[in-house]
Amino acid sequence: MKGIVFTEFLEMVEDRFGLLVTDKIIEEDRFDSKGAYTAVGTYDHQEMVILVENLSKEVDIPVGQLFQLYGQHFFHILVESYPRFFEGIPTAFDFLKSIENHIHVEVLKLYPDAELPHFEIQDVNLDQLEMTYYSNRKLYKFAQGLIEGCLTHYNEKASLDLDLLKADGSVVKFTLVKQ
Amino acid sequence: MKEELAALRKILERERKARKEAEKILEQKSLELYQANDQLKKLYNDLENRYKKIVEQANDIIYRGDETGRCIFVNSVIEKILGYKKEELLGKHFTFLVIEEDKEEVVSFYLDQRKKKLESSYKEFRVKSKHGKVMWLGQNVSLIFNGDKVIGTSGVARDITKQKEAELALKGNEEKYRRVIENMQLGLLEVNPDGLVTKAYSKFCDMVGYTEQELIGKDPSLILTDQETKALIEAKNERRKKGKTDVYEVRCRRKDGSLIWLLISGAPRFDNSAKFIGSIGIHMDITSQKQLMSQLESAKARAEESSLAKEQFLAHMSHEIRTPLNAVIGMTHLLEETQISEEQEDYLNTIKNSSALLLNMVSDILDLSKIESGELDFHLVPVDLQKLIQKQINIYRQSAKKKKLKVELEWNVSLEQKINADQKFLNQIFSNLLGNAEKFTEKGFVKVCVNELNHYPTSVKLKFTVADSGIGMTAEQSKTIFDSFQQANYETAVEYGGSGLGLSIAKHLVNLMGGDLKVESEIGKGSSFSFELAFTLSDEKVGEAEHSKANDTINSVEGIKVLVAEDNLVNQKFIKKLLEKFKADYTLADDGKACYELSKKQKFDVIILDMHMPKLDGYKTAELIRNSKGPNQNSPIIALTASALTTDRKKALACGMNDYLTKPFSPLQLKKLLASFFKPNTSRLIIDEAYLQDFYQGDKAFEKEMAEIFLKNIPKDLKKIKTYIEEENVQAVYELAHKIKPTFKMVGLGQIEDKIGKLESLANVYASNKLPDYFSKIEPLINIAIKLVEDRLGKKAHPS
């Protein structure tokens, strides 16, 4: 997993829950990275799961919810750091539809070794969008947060339903309906 | 607070670590980038070098121009083609090389390309090399764009001088020939593959009376011709598409309505890729020739009609006169065979001579027509000239006796050999001249004078004069005396009679023999006709009897079965008597029908058919016999005809007859002809021992040697002759027959020598159609001869 996901997460934890909590959730002895992350590095994604599980225990917020929150936050980071991703893309739906063929292509230019999830888009109509998430990381809640962050960025309102097509969360269908 | 500090410290520691790691990653990335860049540079240089090499090695001039059209790059090919170094052209405007005459056109062409923003263009123009030579370049130019703006050009130019010169030469030639044809009173017309006019040249327009504008795009056959001709022209155009050329005539209507005939020579036209692009027609006005031709045709038809009428008349007259004459001559021959007194014999001779003369008269008329139509045949035989003239004189002596005229021969020639001449021609000449002299001379003399002009071993040139002491002629009359049907004057005709053809024929015949008949005359004193002729000399000596020899060579026709069809009773009687004399076994038929019936019942050796018979004429009878299965389908048939016309003879042979006999004929002629069809009794062939004894005088060794030479050569030569006859190599037959002829006498077979002699003379007159028949007749005989010689030699070699 790309380092930026770790660095941004830890920054968010510091901001919201303070230095002590941040220090607590990092298990230096257990992590290959010893908890020292840099945005341009690449790390075992299992460390991310442990960090979130540890935080969940510290602050008593479910893991899923934390991933979702972080997704929303991370989208905001993307907007700030990579404005060119958004050039010429006018709506949230347009952005979501372009993930596979545009955003991921751009990401791979910067991080050739990035392992990205796969999205299938079913454009039902102008007001409704179905996209299916495929990933062995099963981080669909993080994806949900990102989608929500996207809606927020474009200042659009839409209902978002999840349908776990596989119980382990490796295949999940998101249905967005504009409101 | 303490806890927080410791956590902070830890975080700081982690941050430091992270930073170092990030730096390491960045350094690594930086190195990777550098290496990647390095590789790309190398790749780029490689490509550039390769590109440069290609550009420099090209056969064409490759260059770049800037946005103003100035040269910023050019390959070194330019030096090879135009003599300029690269450096000399860099910075120069693209029009620098273009020759003055083409400059304006070239500039406007490329301005246009820029204006229209055409990505690429092709243009051919002339340039001047550094050494002043004008050359043709064919140039591709591509515009280089930056967005919408033209920032330069790239061009590829090829030297096309040679192609261009060839093209121009071709065009020049085409133009040249077009101009030549136009000046030759020939009208040119070009049409496209659909047959529509694409160009009409002025001469063509003049011919048909239409302007080029009126013809362009039109189908000329619609404007100029009728339906039938249109179909013809369309058919010709179809042939053009297949690349065929043609010459044909068509009738056309001019704009003014008049009709003309055009001779059209049409040829297809193809472009460089051999695609059919239409036809070109060359037209010649042949209206006047056509008119002339039709006039000529009708004139020819009229002439042929009148010629045919004349020939028919002659044939008819010939028949009418010859038939009774045949009886007279025939009966005379028969009378000759009876016991008669000397006085009677004298009278008989006069009848014989006169009837012969009369026959000649008839022949005269026919001959004149033949001479005039050039169909008279020449037959050279050995002639005893003195005897021939004397005979003619004797004929006239009879009638001259009454007038007490002296008719004599003054012979000033020492001829030991006979001359080769046409006996009939000479007889006619002297008969006519003597007859003429005798007719116009009342007292005094008629004299034939023969003088030698020169005498060589193989030839002689003689001068003949027939002079009289008759009434003579004026100089005026002498001029027309040789014209046909002309006598000295009308009174002459009334007083002396005659056809007026004699002198004309004589002159013609003398001409045919290579001389010229002239006359000198004085009124009241007489006339003198003279001519000079050259003859080759024969091997035969004067005084050798012709008849006895001929008689010897004829085989006996004794016992042969002859069927005779003849309706004229007198002629029937004549033939009957002759056949009785020949001891032939004959059957008579009164007409063709009876003859045909008889021919179905019994096999005959020969059939003699008169051509003019009631019920079924000779031609039809012959056809019937030949076309029906019967014993005589292949028997020889002889045509008896009173007509001496070649056409009648041809007709007889065409009906399947084998030969013909013209009435009146002599007994000898009939016997010869019969014998020629009758297979000789070969058992009678014997070696003439007496001759051999006489010839070799007992020299048996010499005789044997000759026999051996004979046996060695003759069988081979016989085969050769057979092959030559099959190949129709008449000349070779003649030569070989001539060569082997004497050999037979040397082995005591003089009989065969005569047969080979006949073969030789047949070949000599190119009677190639008769050779196979005759040869098949004598071949078994020669084989028997060979056998005889072999046997005789064998006896000699092994005397038993």
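Let me sum up the structure you'll find in this document. Everything numeric here is computed off the predicted structure, so don't read it as measured data.

A short note on the overall build of chain A
- Counting secondary structure elements, chain A contains six helices and four strands.
- Each helix (α) and strand (β) of chain A, taken in turn from the N terminus, gives the series α-α-α-α-α-β-β-α-β-β.
- The buried share among the 179 residues of chain A stands at 51%.
- When contacts within chain A are restricted to residue pairs at least 6 apart in sequence, long-range pairs at least 24 apart make up 58% of them.
- Carbon together with sulfur atoms contributes 49% to the accessible area of chain A, which is approximately 8,900 Å² in total.

What about the overall build of chain B?
- Along chain B, the regular secondary structure elements total 27 helices and 22 strands.
- Looking at chain B as a whole, 40% of its 800 residues qualify as buried.
- A total accessible area of about 45,900 Å² is found for chain B, and carbon and sulfur atoms account for 53% of it.

Digging into the side chain of His333 of chain B
All names here are of chain B.
- With respect to the helices and strands, the residue His333 is situated in helix 10 (residues 287–336).
- Classification of His333 by relative accessible area gives buried; the value is 17%.
- If we ignore the near neighbours within four places in the chain, the residues touching His333 are Phe574, Ser666 and Pro667.

Quick word on the interface of chain B and chain A
- Every contact between the two is made by 12 residues of chain B and, on the other side, 14 residues of chain A.
- Interface area for chain B against chain A, summed over the two sides, is near 1,200 Å², with a carbon-plus-sulfur share of 65%.
- Scanning the region where chain B abuts chain A turns up three salt bridges.
- In this structure, Arg14 of chain B engages Glu28 of chain A in a salt bridge whose closest nitrogen and oxygen atoms are separated by 2.8 Å.
- Put simply, chain B and chain A have three residue pairs in polar contact (both at pLDDT 80 or more) between them.
- Split into classes, the residues belonging to the side of chain B that touches chain A amount to six nonpolar, no polar and six charged.

Looking at the packing of aromatic side chains
- Applying the stated criterion across every chain, the model contains 25 aromatic pairs over all chains.
- Arranged with centres 4.4 Å apart and planes meeting at 20°, the rings of Phe6 of chain A and Tyr37 of chain A form a pair that is stacked. With Phe6 of chain A in helix 1 (residues 3–25) and Tyr37 of chain A in the loop between helix 1 and helix 2 (45–59), this pair connects stretches of sequence that are 31 residues apart. The same class applies to Phe6 of chain A and to Tyr37 of chain A, which are both buried.
- Note on Phe270 of chain B and Phe276 of chain B: the rings are 6.1 Å apart at their centroids and 65° apart in plane angle, and the pair reads as edge-to-face.
- Over the ring of Tyr177 of chain B we find Lys176 of chain B; its NZ or CZ atom is 5.3 Å from the centre of that ring.
- Residue placement shows Lys290 of chain B over the ring face of Trp261 of chain B; its charged tip is 4.3 Å from the ring centre.

Observations concerning the sheet that holds strand 2 (residues 71–74) of chain B
Residues and elements named next belong to chain B.
- Strand order in the open sheet made by the five strands is 2-1-5-4-3, with antiparallel pairing throughout. Every other strand in the sheet has two partners, leaving strand 2 and strand 3 (120–128) as the edge strands with one partner each. Taking the axes of each pair of neighbouring strands and ignoring which way they run, one obtains an average angle of 25° across the sheet.
- Note that strand 3 and strand 4 (residues 134–146) share nine bridges and pair antiparallel.

Description of the sheet that holds strand 2 (residues 128–134) of chain A
All names here are of chain A.
- Overall, antiparallel pairing links the four strands, which are arranged 1-2-4-3 in an open sheet. The open sheet has two free edges, formed respectively by strand 1 (118–125) and strand 3 (158–164), since each of these has just one partner strand. Taken pair by pair, the neighbouring strands of this sheet meet at an average axis angle of 20°, ignoring direction.
- Inspection of the sheet shows strand 2 paired to strand 4 (residues 171–178) by seven bridges, in the antiparallel sense. Looking at the pairing, Met131 lines up with Phe174 of strand 4.

Things to note about the pairing of strand 19 (residues 585–589) of chain B
All names here are of chain B.
- Pairing geometry for strand 18 (residues 561–565) and strand 19, over five bridges, is parallel. Its bridge partner being in strand 19, Val562 is matched across the sheet by Tyr586.
- Each parallel crossover has a hand, and the one from strand 18 via helix 18 (residues 569–581) to strand 19 is right-handed.

Observations regarding the packing of helix 24 (residues 700–726) of chain B against helix 25 (residues 730–746) of chain B
Residue and element names in this part refer to chain B.
- Running from amino to carboxyl end, helix 24 crosses helix 25 at an angle of 155°, the nearest separation of the two axes being 10 Å. In terms of their interaxial angle, helix 24 and helix 25 are classed as roughly antiparallel. Here the hand of the crossing between helix 24 and helix 25 comes out left-handed. The residues of helix 25 that touch helix 24, namely those facing Met706, Phe710, Ile714, Asp717, Lys720, Ile721, Tyr724 and Ile725, are Ala732, Val733, Leu736, Ala737, Lys739, Ile740, Thr743, Phe744 and Met746.

Some remarks on the nonpolar core
Residue and element names in this part refer to chain A.
- Among the nonpolar cores identified, the biggest contains 58 residues, and Phe9, Met48, Leu51, Phe95, Met131, Phe174 and Leu176 are the most heavily contacted of them.
- Counting residues per element, this core draws most heavily on helix 1, at nine residues.
- The residues contacting Met48, other than those within four sequence positions of it, are Met1, Val5, Phe6, Phe9, Phe67 and Tyr70.

With respect to a positive patch on the surface
All names here are of chain B.
- Judged by side-chain charge, Lys712, Lys716, Lys720 and Lys739 come together as a positively charged surface patch.
- Tallying contributions element by element places helix 24 first for the positive patch, with three residues.
- Tracing the backbone through its elements, the reader meets Lys720 in helix 24.

Concerning the pattern of salt bridges
Residues and elements named next belong to chain B.
- Counted by the stated rule, this structure contains 44 salt bridges over all chains.
- Glu13 is the partner of Arg16 in a salt bridge, and the nearest nitrogen-oxygen pair spans 3.6 Å. With Arg16 and Glu13 both in helix 1 (residues 2–57) and three residues apart, this pair spans about one turn of that helix.
- Given a relative accessible area of 40%, Arg16 falls into the partly exposed group.
- One salt bridge in this structure joins Glu88 and Lys130, with 2.8 Å as the shortest N-O distance. Of this pair, Glu88 sits in helix 3 (residues 86–89) while Lys130 sits in the loop between strand 3 and strand 4; the two residues are 42 residues apart in sequence, bridging distant segments of the chain.

Quick look at the pairing of strand 8 (residues 246–253) of chain B
All names here are of chain B.
- Of the two faces of strand 8, the one holding Asp246, Tyr248, Val250 and Cys252 is buried and the one holding Val247, Glu249, Arg251 and Arg253 is not buried anywhere.
- Where strand 8 meets strand 9 (residues 259–270), eight bridges bridge the pair, whose relative direction is antiparallel. When the sheet's bridge partners are listed, Asp246 is paired in strand 9 with Gly266.
- Between the end of strand 8 and the start of strand 9, which pair antiparallel, lie five residues, with Gly257 showing a positive phi angle near 95°.

Considering the side chain of Glu760 of chain B
All names here are of chain B.
- With respect to the element layout, Glu760 can be found in helix 26 (residues 750–764).
- Since its relative accessible area comes to 8%, Glu760 is described here as buried.
- Every residue in contact with Glu760, bar those within four places of it in the chain, is listed here: Tyr734, Ala737, His738 and Lys741.

Digging into the environment of Tyr586 of chain B
Residues and elements named next belong to chain B.
- By the element assignment, Tyr586 lies in strand 19.
- Sequence separation between Tyr586 and Asp605 is 19 residues; the distance between their C-alpha atoms is 9.9 Å.
- Sequence-distant contacts of Tyr586, defined by excluding residues within four places in its chain, comprise Val562, Lys576, Leu579 and Glu580.
- Reaching out from Tyr586, the side chain makes a polar contact with the side chain of Glu580 at a distance of 2.7 Å.

What about helix 16 (residues 502–512) of chain B?
- Considered for burial, the residues of helix 16 of chain B that qualify are Gly502, Leu503, Ser504, Ile505, Ala506, Leu509 and Val510 of chain B.
- Phi for Gly514 of chain B, located one or two positions after helix 16 of chain B, is positive at around 100°.

What to know about helix 12 (residues 385–403) of chain B
Residues and elements named next belong to chain B.
- For helix 12, with 19 residues, the first-to-last C-alpha span of 27 Å sits near the 27 Å given by 1.5 Å per residue.
- Its axis deflected by about 40° at Arg397, helix 12 carries its strongest bend there.
- Among all positions in helix 12, only Leu385, Leu388, Ile389, Gln392, Ile393, Ile395, Tyr396 and Ala400 are buried.

Remarks on unusual backbone geometry
- The residue Lys138 of chain A is not glycine, and still its phi comes out positive at about 60°.
- Structurally, Lys138 of chain A is set in the loop between strand 2 and helix 6 (140–154).
- Despite not being glycine, Lys583 of chain B shows a phi value in the positive range, around 60°.
- For Lys583 of chain B, a relative accessible area of 55% corresponds to the exposed category.

Calculation criteria
Each chain has its residues counted from 1, running along the sequence as written. Each chain gets a letter, beginning with A, and each ligand a number, beginning with 1, in the order they are written. Whole-chain, interface and lining totals are the exception, using all residues; otherwise, since this is a predicted model, local features are given only for residues with pLDDT of at least 70 and side-chain atom pairs are given and counted only at 80 or more. The side-chain quantities take in all heavy atoms of the structure and omit both hydrogens and water. Secondary structure elements are taken from DSSP: a helix is a run of H or I of four residues or more, a strand is a run of E of two residues or more, and numbering for both begins at the N terminus. Each residue's exposure class comes from its accessible area (1.4 Å probe, protein chains only) as a fraction of the maximum for that residue type: buried when under 20%, exposed when over 50%, partly exposed otherwise. Residue contacts follow a heavy-atom distance rule, with two residues in contact if any of their heavy atoms lie within 4.5 Å. Each accessible area is a Shrake-Rupley estimate made with a 1.4 Å probe; only the visible protein chains count as cover when residues are assessed. The term buried area means the drop in 1.4 Å probe accessible area that two parts suffer when joined, counted for both and summed. Salt bridge, as used here, is a side-chain nitrogen of Lys or Arg placed within 4 Å of a carboxyl oxygen of Asp or Glu. Counted as a polar contact is a pair of N or O atoms within 3.5 Å, where, for protein atoms, one must be capable of donating a hydrogen and the other of accepting one, and residues adjacent in sequence contribute only when both atoms are in side chains. Any residue that is not Ala, Val, Leu, Ile, Met, Phe, Trp, Tyr, Cys, Pro, Asp, Glu, Lys or Arg is counted as polar, Gly included; the first ten are nonpolar and the last four charged. Here the aromatic set is Phe, Tyr and Trp, taking the six-membered ring for Trp, and pairing holds for ring centres within 6.5 Å; pairs whose planes are under 30 degrees apart are stacked, those over 60 apart are edge-to-face, and all others are tilted. Lysine and arginine charges are scored as sitting over a ring when NZ or CZ, respectively, is within 6 Å of the ring centre and within 35 degrees of the ring normal. Two strands pair under a simple rule: DSSP has to find at least two bridges between them. Lines fitted to C-alpha atoms define the axes, with helix axes restricted to the stretch in contact, and inter-axis angles between N-to-C directions lie between 0 and 180 degrees. A clockwise path from the first strand over the helix to the second, with the strands pointing away from the viewer, defines a right-handed crossover. The labels follow the angle: roughly parallel below 35 degrees, roughly antiparallel above 145, roughly perpendicular from 65 to 115, and oblique for the rest. Note on convention: the crossing is left-handed when the near helix lies turned anticlockwise from the far helix by less than a right angle, right-handed when the turn is clockwise. Side-chain atoms within 4.5 Å are what join buried Ala, Val, Leu, Ile, Met, Phe, Trp, Tyr and Cys residues into a set we call a nonpolar core. Here the term patch refers to residues with relative accessible area over 30% and no salt bridge, with like charges joined within 9 Å and nonpolar side chains (Val, Leu, Ile, Met, Phe, Trp, Tyr) within 5 Å. The charge count includes Lys and Arg as positive and Asp and Glu as negative, but it does not include His or the ends of the chains. Lysine's charge is taken at NZ, arginine's at CZ, aspartate's at CG and glutamate's at CD. Take the residue count of a helix, subtract one, and multiply by 1.5 Å to get its expected span. What the bend at a residue measures is the angle between two axes, fitted to the seven residues ending there and to the seven starting there.

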